[in-house]
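Topology and contacts: notes
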Amino acid sequence: MTVKKLSINYKTLEEFKQFREYGIQELSMLEDLQENIIENDSESPFYGIYFGEKLVARMSLYRVSKELDKYFEPAQDYLELWKLEVLSAYQRKGFGKELVEFAKSFGLPIKTNPRVKSADFWNRMGFTSVNYDVERDLGENPLVWYPKGVSAQERAQSGTLDTAE
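Cut-offs applied
- Residues numbered from 1 in each chain as written.
- Predicted model: local features only at pLDDT ≥ 70, side-chain atom pairs only at ≥ 80, totals over all residues.
- Heavy atoms only, no water.
- Helix = DSSP H or I, 4+ residues; strand = E, 2+ residues; numbered from the N terminus.
- Salt bridge = Lys/Arg side-chain N within 4 Å of Asp/Glu carboxyl O.
- Buried < 20%, exposed > 50% of the residue type's maximum accessible area, 1.4 Å probe, protein only.
- pLDDT = per-residue confidence, 0-100.
- Contact = heavy atoms within 4.5 Å.
- Pairing = 2+ DSSP bridges.
- Core = buried A, V, L, I, M, F, W, Y, C linked by side-chain atoms within 4.5 Å.

1. So, unusual backbone geometry
A cis geometry characterises the amide bond from Glu-73 onward to Pro-74, with omega recorded as -5°. Assignment of secondary structure puts Pro-74 in the loop between strand S4 (72–73) and strand S5 (78–86). Despite not being glycine, Arg-92 has its phi angle at roughly 65°, a positive value.

Below, the structure is given as structure tokens:
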């Protein structure tokens, strides 16, 4: 099993149509392609695993700047993992685990917003819930993975920051 960076092109977009979470992001990429804005060598956030010639698992990984970090201590760049999906006929064969291990190989903390009923998978991958913060999490229930030496940011529990008088 090898994780590959996916090119942004018509072939990749055609392959994405088989995934359940085919949506706005892919449609926007399609529009960009049709307007000839994106070339085959454009920076793609998508990674995938092929079984033979068929794309069977994919995810997107975005690097978030430490200036925007509200999760990790010390504040640092981290990865946001989205759209992790394995085609149903290929589930429980290690493809999802392989994608997550690939993301971990960057050595950065990872944040994800899991789908309903996927908590067991994320727990097995070493992800934990964050202490929910209304302003930061905006209705999401993020899970995070902490590499060695990284912990959760301390946040004011009452929703207000203590100030020195």
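2. Thoughts on the pattern of salt bridges
For the coordinates displayed, the defined rule picks out 8 salt bridges. Note that Glu-140 and Lys-111 form a salt bridge whose closest N and O atoms lie 3.6 Å from each other. One end of the pair, Glu-140, is in the loop between helix H5 (134–137) and strand S8 (143–145); the other, Lys-111, is in strand S6 (residues 110–112), and 29 residues separate them in sequence. For Glu-140, a relative accessible area of 28% gives the class partly exposed.

3. Topic: the confidence of the model for the protein
The predicted model of the protein averages 82 in pLDDT, with 79% of residues at 70 or higher. Here helix H2 (residues 24–34) stands out as the least confident element of the protein, with mean pLDDT 63; helix H3 (residues 95–104) is the most confident, with 97. Per-residue pLDDT stays below 50 along residues 156–165; that stretch engages in 2 contacts with residues further than four places along the chain or on separate chains.

4. Some words on the pairing of strand S2 (residues 46–51)
Alignment of strand S1 (residues 3–5) against S2, held across 3 bridges, turns out to be antiparallel. Following the sheet pairing, Lys-5 is matched in S2 by Tyr-47. In this structure, S2 lies alongside strand S3 (residues 54–64), joined through 6 bridges in antiparallel fashion. Within S3, the position partnered with Phe-46 by the bridge is Ser-60. Between S2 and S3, which follow one another and run antiparallel, lie 2 residues, and Gly-52 among them has a positive phi close to 65°.

5. Digging into the sheet that holds S3
Spatially, the 7 strands line up as an open sheet ordered S1-S2-S3-S5-S6-S8-S7, and their pairing is mixed. Where the open sheet ends on each side, the last strands, each with one partner, are S1 and strand S7 (128–129).

6. Looking at the nonpolar core
In this structure, Met-59, Leu-81, Leu-84, Trp-122 and Phe-127 are the most contacted members of the largest nonpolar core, which totals 31 residues. Going through the elements one at a time, helix H1 (10–16), S2, S3, S5, H3, helix H4 (119–124) and S8 are the ones with two or more residues in this core. Tallying contributions element by element places S3 first for this core, with 5 residues. Of all hydrophobic cores here, the second largest spans 7 residues; its members include Val-64, Phe-72, Val-130 and Val-150.

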